[in-house]
Amino acid sequence: MISSVRGPVLTIGLDHAVVEVGGVGLAVHATPGTLATLRRGEEARLATALVVREDSLTLYGFANAETSGLFGLLQTVTGVGPRLALSILAVLEPEALCRALAEGDTAALKRVPGVGLKSAERLVLELRDKVAAVAPVPVGGGAGVPASGRDHVVEALVGLGFAAKQAEAAVDGVLGENGNGGGPVDTSATLRTALSRLGKAR
């Protein structure tokens with residue numbers, strides 16, 4: 001089991017980064033929020049989880065071991081695989097996810113693409129009493145103001161080499177056209193659209 005990787009970041013993509021470890025470039029899949037903390041050419045250290053399938057070995061990376069623990073915990077629920085677990089962590093920050101599970105906030109969980117009411121209820125039912133064991137912060141406790149979904153997308157674009165003002169303009173344009181009035185931001189979709197537009201502008 002590969003529990004962590006450390007090394008220089010070779011490339012950063014939409015859903016993964018390549019980290020060089022011992023001369024080998026490892027593709028590590030991660031959320032936009034985690035990718036936004038990485039910079040090409042700089043050393044990174046990520047907690048990881050290796051998912052083994054008959055035809056593939058996929059490595060997932062996280063900012064810390066607690067978030068990696070949440071990733072594993074989510075997959076103990078029927079119907080939740082690694083991709084959906086990563087999507088949940090992409091939409092809900094670890095603290096927000098822990099709070100939603102502990103408080104039975106199905107509305108927050110339904111913000112995740114692919115999670116309907118039944119899935120949200122199943123997540124709450126099966127994880128409500130387990131989440132405290134891996135919660136990265138005390139559930140219900142304050143830990144400052146988390147970065148917004150918009151900020152995560154802007155940071156990800158800056159990490160990919162775009163100027164901050166250029167990234168902010170592209171993200172605000174996408175959110176404005178989508179009619180987002182301060183509500184939940186689909187970070188993955190927004191990042192893809194903004195990156196596509198910025199690529200065409202170059």
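These numbers come from a predicted model, not from an experiment.

### Some points on the pairing of strand β3 (residues 24-29)
Right, so step 1: Examined bridge by bridge, strand β2 (residues 16-21) and β3 share six bridges and lie antiparallel to one another. Counted as the bridge partner of alanine 17 is valine 28 from β3.
Right, so step 2: Hairpin remark: β2 followed by β3, antiparallel, with two residues in the connecting loop; positive phi at glycine 22, about 60 degrees.
Right, so step 3: In this sheet, strand β5 (residues 56-62) lies alongside β3 in parallel orientation, the contact comprising two bridges. Directly across from histidine 29, in β5, lies its bridge partner tyrosine 60.

### Overview of the sheet that holds β3
Pairing between the strands of a sheet comes from backbone hydrogen bonds, and it takes one of two forms, parallel or antiparallel.
Right, so step 1: The five strands lie next to each other as β1-β2-β3-β5-β4, forming a closed barrel whose pairing is mixed. Between one strand and the next, the sheet's axes are offset by a mean angle of 55 degrees, whatever the strand orientation.

### Considering the nonpolar core
Right, so step 1: If you look at the biggest cluster of nonpolar residues, it comprises 30 residues, and the most contacted ones within it are Phe71, Leu74, Ile88, Leu97, Leu109, Val115 and Leu123.
Right, so step 2: Those elements that place two or more of their residues in this core are β4 (43-53), β5, α2 (65-74), α3 (82-91), α4 (94-103), α5 (106-109) and α6 (117-127).
Right, so step 3: Here the element with the most residues in this core is α3; it accounts for six residues.
Right, so step 4: Those residues in contact with valine 115 that sit more than four places away from it in its chain are Leu84, Ile88, Leu109, Lys110, Ala120 and Leu123.

### Quick look at helix α8 (residues 164-177)
Right, so step 1: Its 14 residues place the ends of α8 20 Å apart at the C-alpha level, agreeing with the 20 Å of an ideal helix rising 1.5 Å per residue.
Right, so step 2: All buried positions along α8 are accounted for by Ala167, Ala170, Val171, Val174 and Leu175. Mapping the buried residues of α8 onto a view down its axis gives an arc of 130 degrees, with all of them on the same face. Relative to its buried face, α8 has exposed residues pointing more than 90 degrees away, namely Lys165, Ala169, Gly176 and Glu177.

### Observations regarding the pattern of salt bridges
Right, so step 1: Under the defined criterion, the tally for this structure stands at two salt bridges.
Right, so step 2: The partner of arginine 99 in a salt bridge is glutamate 95, with the nearest N and O atoms 2.8 Å apart. Here the residue arginine 99 and the residue glutamate 95 both occupy positions in helix α4, the gap between them amounting to four residues, near one helical turn.
Right, so step 3: Look at glutamate 95 and you get buried, because its relative accessible area is 17%.
Right, so step 4: Residues glutamate 177 and arginine 197 are paired through a salt bridge, measuring 2.6 Å at the closest nitrogen-oxygen approach. Within this pair, whereas glutamate 177 is found in helix α8, its partner arginine 197 is found in helix α9 (residues 187-201), the two being separated by 20 residues in sequence.
Right, so step 5: In this structure arginine 197 comes out as partly exposed when scored by relative accessible area, which is 36%.

### Notes on the environment of arginine 192
Right, so step 1: Relative to the elements of secondary structure, arginine 192 occurs in helix α9.
Right, so step 2: Expressed as a C-alpha distance, the spacing of arginine 192 and valine 153, which sit 39 residues apart in the sequence, is 9.4 Å.

### Quick notes on α2
Right, so step 1: Within the span of α2, buried status applies to Thr67, Ser68, Leu70, Phe71, Leu73 and Leu74.
Right, so step 2: Against the buried residues of α2 lie β4, β5, α3, α4 and α6.
Right, so step 3: For α2, the N-terminal cap is asparagine 64; the gap from its side-chain oxygen to the backbone nitrogen of glutamate 66 is 3.3 Å.

Cut-off values and rules
- Residues numbered from 1 in each chain as written.
- Predicted model: local features only at pLDDT ≥ 70, side-chain atom pairs only at ≥ 80, totals over all residues.
- Heavy atoms only, no water.
- Pairing = 2+ DSSP bridges.
- Helix = DSSP H or I, 4+ residues; strand = E, 2+ residues; numbered from the N terminus.
- Axes fitted to C-alpha atoms, helices over the stretch in contact; angles between N-to-C directions.
- Core = buried A, V, L, I, M, F, W, Y, C linked by side-chain atoms within 4.5 Å.
- Buried < 20%, exposed > 50% of the residue type's maximum accessible area, 1.4 Å probe, protein only.
- Contact = heavy atoms within 4.5 Å.
- Expected span 1.5 Å × (residues − 1).
- Arc of directions from axis to C-beta.
- Salt bridge = Lys/Arg side-chain N within 4 Å of Asp/Glu carboxyl O.
- Polar contact = N/O pair within 3.5 Å; in protein donor to acceptor, adjacent residues only side chain to side chain.

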